[in-house]
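In case you want the letters, here they are:
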Amino acid sequence: MQVIHTIAELRQALARYDRPAFVPTMGNLHDGHLALVRRARTLGDVSVVSIFVNRLQFLPHEDFDTYPRTLDADCARLAEVGCDIVFAPAESELYPQPQTFKVQPPAALADLLEGHFRPGFFTGVCTVVMKLFQCVFAQAKGERHAVFGKKDYQQLMIIRQMVQQFALPITIHGGEIERAPDGLALSSRNGYLSPQERAEAPQLLLALRTLAAGVLAGEHNLAALEHHAMQTLAARGWQPDYLTVRRREDLQPPTEHDLQPGRLVALGAARLGRTRLIDNWEF
């Protein structure tokens, strides 16, 4: 496995391959990331994982400075699953000058849910992903594949639409959520949880599944269901941002016609102590 820190070295290393498969990450890797890497290894003739904590997608009050940076441990785990290339650029390498050109996703998709509570987040995501795509895929002669986790449901949808609208010759794959035995979605930020908070954390998934079960049982007053889900978590000490049911196709509120199995997803974000967790449940 090669660990590469510059764009020039990355392109030189990729020159002998035709079909790269790429997994972008911010490091501090867990088994969910490794599942994406295993998926990538089946898709191309070389697997590339980027490790880069992207300043552009953090708000001023968020955890950019304290976000765990564990490159040595990450590389050890990636080597174990057969990753071919790790691209771990310094900030000055990926952004040698202020990144004034940015990719602005449409407000109809990017300013709701996560985008409402984290303004500008998806502009930062799209900009760094577009740049990483240029680093990894510029020389590819054959199929190009990139794998993103479905835990970041809205992010995956936005990246897919970005690729489509810019006519990028890249196939985007969504990797299923990897969960702990108690149901908690694996996340780099789970490490922030105290033991007591970690024991409580699966309640977010339970709230989403309960919300979905209410819809499937025939309750169509979504506002009431969502309010009850928020109140239930709040009563347990959470600070919920949203728990909601949306159409899978565009994350808009469903119509009566949409309220049937196979079309919906329950999404939630809530803070437990100082840790903000997100999750979703398709139904």
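Preceding block: the structure.
Just so it is clear, the model here is predicted, and its values are computed rather than measured. (Residues numbered from 1 in each chain as written. Predicted model: local features only at pLDDT ≥ 70, side-chain atom pairs only at ≥ 80, totals over all residues. Heavy atoms only, no water.)

## Notes on helix H3 (residues 71–80)
Here is step 1: Three or more residues of H3 are buried, namely Asp-74, Cys-75 and Leu-78. The buried side chains of H3 occupy one side of the element, clustering within an arc of 100 degrees when seen end-on. Across H3 from its buried face, at more than 90 degrees, point the exposed residues Asp-72 and Glu-80.
Here is step 2: If you follow the buried residues of H3, they end up packed against strand E1 (2–4), helix H2 (31–41), strand E3 (46–51) and strand E4 (85–87).
Here is step 3: Where H3 ends, the next residue or the one after it, Gly-82, has phi of about 85 degrees, a positive value. (Buried < 20%, exposed > 50% of the residue type's maximum accessible area, 1.4 Å probe, protein only. Helix = DSSP H or I, 4+ residues; strand = E, 2+ residues; numbered from the N terminus. Arc of directions from axis to C-beta. Contact = heavy atoms within 4.5 Å.)

## What to know about the pairing of strand E9 (residues 275–282)
Here is step 1: Taking burial as the measure, the 8 residues of E9 include 6 buried ones, the bulk of the element.
Here is step 2: Judged from the 8 bridges that link them, strand E8 (residues 264–272) and E9 form a sheet pairing that is antiparallel. Bridge assignment links Leu-272 to a residue of E9, and that residue is Thr-275. (Pairing = 2+ DSSP bridges.)

## A look at the environment of Ala-110
Here is step 1: On the secondary structure map, Ala-110 appears in helix H5 (residues 107–110).
Here is step 2: Remark: the alpha-carbon pair of Ala-110 and Leu-71, spanning 39 residues in sequence, is separated by 30 Å.
Here is step 3: Ignoring sequence-local partners within four residues, the contact set of Ala-110 consists of Pro-105, Gly-115, Phe-122, Gln-154 and Ile-158.

## Regarding empty space enclosed by the protein
Here is step 1: In this structure the tally under the stated criterion is 1 cavity of 30 Å³ or more.
Here is step 2: Estimates place the volume of the largest cavity at around 30 Å³.
Here is step 3: Looking at the largest cavity, the residues that line it are Leu-14, Tyr-17, Pro-20, Val-46, Val-136, Gln-139 and Ala-140.
Here is step 4: Partitioning the lining of the largest cavity into residue classes produces 6 nonpolar, 1 polar and no charged. (1 Å grid on protein atoms, 1.4 Å probe; cavity = no way out; pocket = protein on both sides within 12 Å on 5 of 7 lines; lining within 4 Å. Points joined across faces, edges and corners; volume = space filled by probe spheres on them. Nonpolar A, V, L, I, M, F, W, Y, C, P; charged D, E, K, R; others polar.)

## A closer look at the packing of aromatic side chains
Here is step 1: The tally for this structure, following the rule as stated, stands at 9 aromatic pairs.
Here is step 2: An angle of 65 degrees between the planes, with centres 4.8 Å apart, marks the rings of Phe-121 and Phe-122 as edge-to-face.
Here is step 3: By relative accessible area, which is 9% here, Phe-121 ends up buried.
Here is step 4: Under the relative-accessibility criterion, Phe-122 is labelled buried at 3%.
Here is step 5: A ring pair is formed by Phe-133 and Phe-137, whose centres lie 5.6 Å apart and whose planes are at 55 degrees; its orientation type is tilted. Note that Phe-133 and Phe-137 are positioned in helix H7 (residues 121–137) at a spacing of 4 residues, about one turn of the helix.
Here is step 6: With a relative accessible area of 4%, Phe-137 lands in the buried category. (Phe/Tyr/Trp six-rings, centres within 6.5 Å; stacked < 30°, edge-to-face > 60°.)

## Considerations on H7
Think of an α-helix as turning once every 3.6 residues; residues three or four places apart then point the same way.
Here is step 1: If you check H7, its first and last C-alpha atoms are 24 Å apart, about what 17 residues at 1.5 Å a residue would give, namely 24 Å.
Here is step 2: Buried residues dominate H7, accounting for 15 of its 17 residues. (Expected span 1.5 Å × (residues − 1).)

Interpretation note: all reported values are geometric properties and have no functional meaning in isolation.
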